[in-house]
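Inside the fold
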Amino acid sequence: GANVLERLDTVSVIGVTSWLYKDPAALLCQRLGIAPQRQVKAGMGGEKPVRLVHEAALAIQRGEAEAVAIVGGEAQNAFRKARRAKTQLPWTERASREEAWGDMVDTTLGVAPAARAIGVQAPLHVYPLFENALSAKLGHTPTEALRHSADLWSEYARVSAGNPHAWSRAQPSPREIATISEDNRLISFPYPKWTVANDSVNQSAAVIVASYAFAKRLGVSDDRLVHFHSGAAAAEPADFLLRGRYDAYPALEATLAAAANAVGDAGAFDLTEIYSCFPVVPKAAIDVLRESGLPEGAAPTVTGGLTFFGGPLNNYMTHAICAMTRQLRGGEGRLGLLYGQGGAMTKHHALVLSASPTGAPLAEDYSAQDAAEARRTDAPPVVSEYTGAGSIETYTAFYGRDGEPQRGVVIALTPAGERVLAYCPDDDEASLLALTNFDRNAVGLEGDVRPAANGALRWRAA
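What this report covers is the structure whose coordinates are included nearby. Everything quoted here is computed from the prediction, not taken from an experiment.

Considerations on the overall build of the chain
In terms of regular secondary structure, the chain is built from 15 helices and 15 strands. Taking 23 Å as the expected radius of gyration for a compact globule of 462 residues, we find that the chain reaches 23 Å, a close match to that expectation. Viewed in the frame of its principal axes, the chain has a C-alpha envelope of about 70 × 55 × 40 Å. Contacts in the chain between residues far apart in sequence, at least 24 positions, make up 75% of those at least 6 positions apart. When the accessible surface of the chain is totalled, it reaches about 19,900 Å², and 48% of it is carbon and sulfur.

Comments concerning the sheet that holds strand β7 (residues 227-235)
The strand order across the open sheet built from four strands is β7-β10-β9-β8, with neighbouring strands paired in mixed fashion. If you trace the sheet from one side to the other, it starts and ends with β7 and β8 (271-274), each paired once. Strand-to-strand twist in this sheet, taken as the mean axis angle between neighbours without regard to direction, amounts to 10°. Sheet analysis places β8 next to strand β9 (residues 335-342), joined by four bridges and oriented parallel. Within the sheet, the bridge partner assigned to leucine 271 lies in β9 and is glycine 336. Helix-sheet contacts for helix α2 (residues 48-61) involve β7, β9 and β10 (347-354), and the interaxial angle to β10 is about 55°. Packed onto the sheet, helix α13 (residues 316-329) meets β8, β9 and β10 and runs at close to 175° relative to β9.

Overview of the environment of leucine 362
Looking at the element boundaries, leucine 362 is found in the loop between β10 and α14 (369-375). Residue classification places leucine 362 among the buried residues on the basis of a relative accessible area of 9%. Sequence separation of leucine 362 and leucine 256 is 106 residues, and the distance between their C-alpha atoms is 17 Å. When neighbours within four sequence positions are excluded, leucine 362 is seen to be in contact with His54, Ala57, Leu58, Gln61, Phe228, His229 and Ser230.

Things to note about the side chain of histidine 349
Within the secondary structure, histidine 349 is located in strand β10. For histidine 349, a relative accessible area of 0% corresponds to the buried category. Residue contacts for histidine 349: discarding those within four places in its chain leaves Glu47, Val50, Arg51, His54, Ala232, Ala233, Thr255, Leu338, Tyr339, Gly340 and Tyr366.

Observations concerning the state of the cysteines
Going through the model one piece at a time under the given rule, you end up with zero disulfides. The cysteine cysteine 29 is free of any disulfide, with cysteine 322 supplying the nearest cysteine sulfur at 18 Å. With no disulfide of its own, cysteine 277 has cysteine 322 as its nearest cysteine by sulfur position, at a separation of 20 Å.

Section: the pattern of salt bridges
Counted according to the given criterion, the structure contains 18 salt bridges. In this structure, arginine 51 and glutamate 47 form a salt bridge, with 3.5 Å as the shortest nitrogen-oxygen distance. Accessibility assignment for this pair places arginine 51 and glutamate 47 in one class, buried. When the shortest N-O distance is used, the salt bridge between arginine 62 and glutamate 364 registers 2.7 Å. One end of the pair, arginine 62, is in the loop between α2 and β3 (67-75); the other, glutamate 364, is in the loop between β10 and α14, and 302 residues separate them in sequence. What makes arginine 62 partly exposed here is its relative accessible area of 42%. Among the charged side chains, a network of salt bridges with common partners joins Glu47, Arg51 and Lys347.

Observations regarding the nonpolar core
Soluble, globular proteins show a tendency: their nonpolar side chains are buried together. In this structure, Val209, Phe240, Leu256, Val280 and Leu337 are the most contacted members of the largest nonpolar core, which totals 95 residues. Ignoring any residue separated from it by four or fewer positions in sequence, one finds leucine 256 in contact with Ala285, Val288, Leu289, Leu337, Tyr339 and Ala350.

Points about the environment of glutamate 98
Within the secondary structure layout, glutamate 98 lies in helix α4 (residues 97-101). Along the backbone, glutamate 98 and alanine 430 are 332 residues apart, and their C-alpha atoms lie at a distance of 43 Å.

Quick notes on the rules
Residues numbered from 1 in each chain as written. Predicted model: local features only at pLDDT ≥ 70, side-chain atom pairs only at ≥ 80, totals over all residues. Heavy atoms only, no water. Helix = DSSP H or I, 4+ residues; strand = E, 2+ residues; numbered from the N terminus. Rg over C-alpha atoms; globule rule 2.2 N^0.38 Å. Contact = heavy atoms within 4.5 Å. Areas by Shrake-Rupley, 256 points an atom, 1.4 Å probe, with all protein chains shown as cover. Pairing = 2+ DSSP bridges. Axes fitted to C-alpha atoms, helices over the stretch in contact; angles between N-to-C directions. Buried < 20%, exposed > 50% of the residue type's maximum accessible area, 1.4 Å probe, protein only. Disulfide = S-S within 2.5 Å. Salt bridge = Lys/Arg side-chain N within 4 Å of Asp/Glu carboxyl O. Core = buried A, V, L, I, M, F, W, Y, C linked by side-chain atoms within 4.5 Å.

And the structure:
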């Protein structure tokens, strides 16, 4: 019967994208009729829920708070339906973009002006660059890479089908996920619709982190409590053009290696939630965890993934924390790993939850940044003015709703070892065919780079 909300010290609201609010935390507290000491508009990033929950635990451990709520929600599905129907939504007065996002970070994924100039500005434009580079490193054709993605995604779909909170209960087979069709059209090479996050959802979630004493005063039984074990985090340069390589991910690797080391090895994780906005993320993460002892066949999710469960933008991992908590409470595991990432494979955060107390405090310093820096290679110098030969370092192509490629994007290396970003227009059929060939990975393909009339660089297959 106790009113937990009235006793909260802090309410943090994860960055909302579906609607522009000047101060969503203050609005939420006003609606709830509560006045916590701190009301926080927490910013953007897919790792943000994990980070906020981790930092709430540390604040409580330091005696700075007793109970903290982390809240997030999106209504993209409703917003898009209303827009198509030209219906005015009776929601809170819409703030300006500057009022809503002016003090938040990562709203552009750290994309450089040169990238935005050729239409590279959203996650679905950037993540395929990592996917194709990783596939080349592994010696996979795009067809083989898509089959790998489909096998992995069918596991997420299987879990989503059994989750009563999922947006979609569909359970397509690996073959269906890998088959390009009218319902599963290509979005960005080599990703079809059923391998990318679905943000057209109406979903919200909240997590309350509290001290043990606070929970006991409220009469919460010990079998309802989930405890903190450890965590780790690291980040890459925000601008993806400044990464050392596109087939290696130092911050991801360092973060997950630290999480595994904290429990002995990754084989100690009974439950895992591996972030799944695009297949390259869990592919890379699972490889690291397997090197650290995660057994073959371990389920990559307790929630269902951003394609099938739903991808409420920055807020998916709040749902994952809820799902992990339920399974740990239900005795389905002893230790659970939550791994979230944000930006363009930029920010990485891992958190280990335990079904029982660990008997040790959380480490105040959870940074794995030094280990990430030790793994990092120097990025080639980026040049914006160049004419000459360029071999593909990585690439992708963007598709229209008709299933036809509209534009190719290439990151190429010059003979002098410089990096250039260039595009292929839709009238360059030969170059687009080279970039959309499912039988051959185009990494290493030679071409010619020239300035285009629009000021950007254009790449043409040799």
